[in-house]
Amino acid sequence: RANRKVAVLGASGGIGQPMSLLLKQSPLISHLSLFDIVHTPGVAADLSHIETRAKVTGHTGNDELGAALDGCEVVVIPAGVPRKPGMTRDDLFNTNASIVQTLAEGCAKHCPEAMICIISNPVNSTVPITSEVFKKAGVYDPKKIFGVTTLDIVRSNTFIAEGKGLDVSKTSCPVVGGHSGITIVPLISQCSPKVSYPQDELEKLTNRIQNAGTEVVNAKAGAGSATLSMAYAGARFACSLLEALNGKEGVIECGFVKSDVTKATYFSTPLLLGPKGLERNLGLGEVSDYERKIIEEALPELMKNIKKGEDFVKSR
Ligand code: APR
């Protein structure tokens, strides 16, 4: 079995802890490295008692970032502050942009060849930030930097299967675009198995998927945003990458990457993953007129979010 070190940056948080628990269960990981600015010794000690393969180490504060990252092949980043009711993901920009920049600088220095999976919002901007940091450091490989949009796919699958009475484990609906509000575009016409809706229901469902994060923010009433479902989604994406790294063929996940599929320079589409990260961008496939229209509507907002991330790094 391959020895693979995986790091979680922001491991003590609402997403970081349950995601680390899920990753601890993966037989594909030999070393799980947990980094945060607080509480990592406790989280690491706790997880280290679990009788699964991965060795767990905890690292606290920027002085220990190098030790956390040395030798990593996959890094998952959920560090940052979450949304409160009334906030959009973009409202998190000011705080999370500099957190992600610092952590990305650490990755560029200590594990420049690792696959980087960004969860910290706004993903539409934090992925361009990470790319700009890697460019500045001269180690940029666009095939290895991913924004994790998996929760949008997970939600689509769940809502469609629930509504249609399908087996959710066999329901799969791609979601493209970005990871915020109208930039989230579910391609329900490509759902497997095929499903159909009257136009008004289709628009309602699309809207629910786009705003599903806000459902959780409101239900948590000030205590934060989705953590458990995001942890599941983050672990699913990281494990898919690890399987592809280990040579499994045909691994496909949607992810937000550098892209020339639309005029937005980063865009999420289904991706074929391989040992070097993104092997082939599978693009949009055949989309309906309605999907084409909402993609067009998403692009200006998405391009604005991307530019905001790029400008943030360039101005520093
Ligand atoms: N380096 C490492 N960890 C950090 C840093 C930093 N510079 N700054 C904050 N953190 C840690 C916090 O200490 C905390 O443990 O990030 C963790 C964030 O956890 P929560 O506040 O519980 O937030 P969470 O709900 O996990 O969301 C984190 O993911 O989905 C996104 O929008 C969400 O951007 C938010 C992020």
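About the cut-offs
Residues numbered from 1 in each chain as written. Predicted model: local features only at pLDDT ≥ 70, side-chain atom pairs only at ≥ 80, totals over all residues. Heavy atoms only, no water. Helix = DSSP H or I, 4+ residues; strand = E, 2+ residues; numbered from the N terminus. Polar contact = N/O pair within 3.5 Å; in protein donor to acceptor, adjacent residues only side chain to side chain. Contact = heavy atoms within 4.5 Å. Phe/Tyr/Trp six-rings, centres within 6.5 Å; stacked < 30°, edge-to-face > 60°. Buried < 20%, exposed > 50% of the residue type's maximum accessible area, 1.4 Å probe, protein only. Near = heavy atom within 4 Å. Areas by Shrake-Rupley, 256 points an atom, 1.4 Å probe, with all protein chains shown as cover. 1 Å grid on protein atoms, 1.4 Å probe; cavity = no way out; pocket = protein on both sides within 12 Å on 5 of 7 lines; lining within 4 Å. Sits in = over half its atoms within 2 Å of the grid points. Nonpolar A, V, L, I, M, F, W, Y, C, P; charged D, E, K, R; others polar.

(A) Molecular detail of the side chain of Ser20. Here Ser20 is to be found in helix H1 (residues 16–24). Reaching out from Ser20, the side chain makes a polar contact with the backbone oxygen of Gly16 at a distance of 2.7 Å. Beyond its immediate stretch of four places on either side in the chain, Ser20 contacts Val8, Ala11, Leu32, Leu34 and Leu47.

(B) Just the packing of aromatic side chains, in detail. Counted by the stated rule, this structure contains three aromatic pairs. Judged by centre distance (5.5 Å) and plane angle (90°), the rings of Phe93 and Phe312 are edge-to-face. Remark: Phe312 occurs in helix H10 (residues 289–314) and Phe93 occurs in helix H4 (residues 93–110); sequence separation between them is 219 residues. Exposure class is identical for Phe93 and Phe312. Each is buried.

(C) Seen up close, the site of the ligand. Near the ligand lie 22 residues; those nearest to it are Gly14, Ile15, Asp36, Asn96 and Asn121. Between the ligand and Gly14 there is a distance of 2.7 Å, counted from an oxygen atom to a backbone nitrogen or oxygen. With respect to the ligand, the backbone of Val81 contributes an N or O atom lying 3.2 Å from an oxygen atom. With the chains in place, 85% of the 730 Å² that the ligand exposes on its own is no longer accessible. More than half of the atoms of the ligand fall within 2 Å of the grid points belonging to the largest pocket. Elements supplying a minimum of two residues to the shell around the ligand: strand E2 (31–36) and H4. If you tally residues by element for the shell around the ligand, the top one is H4, at three residues. Looking at the shell around the ligand, its residues break down into 12 nonpolar, nine polar and one charged.

Bear in mind that shape data such as this cannot, by itself, settle questions of function.
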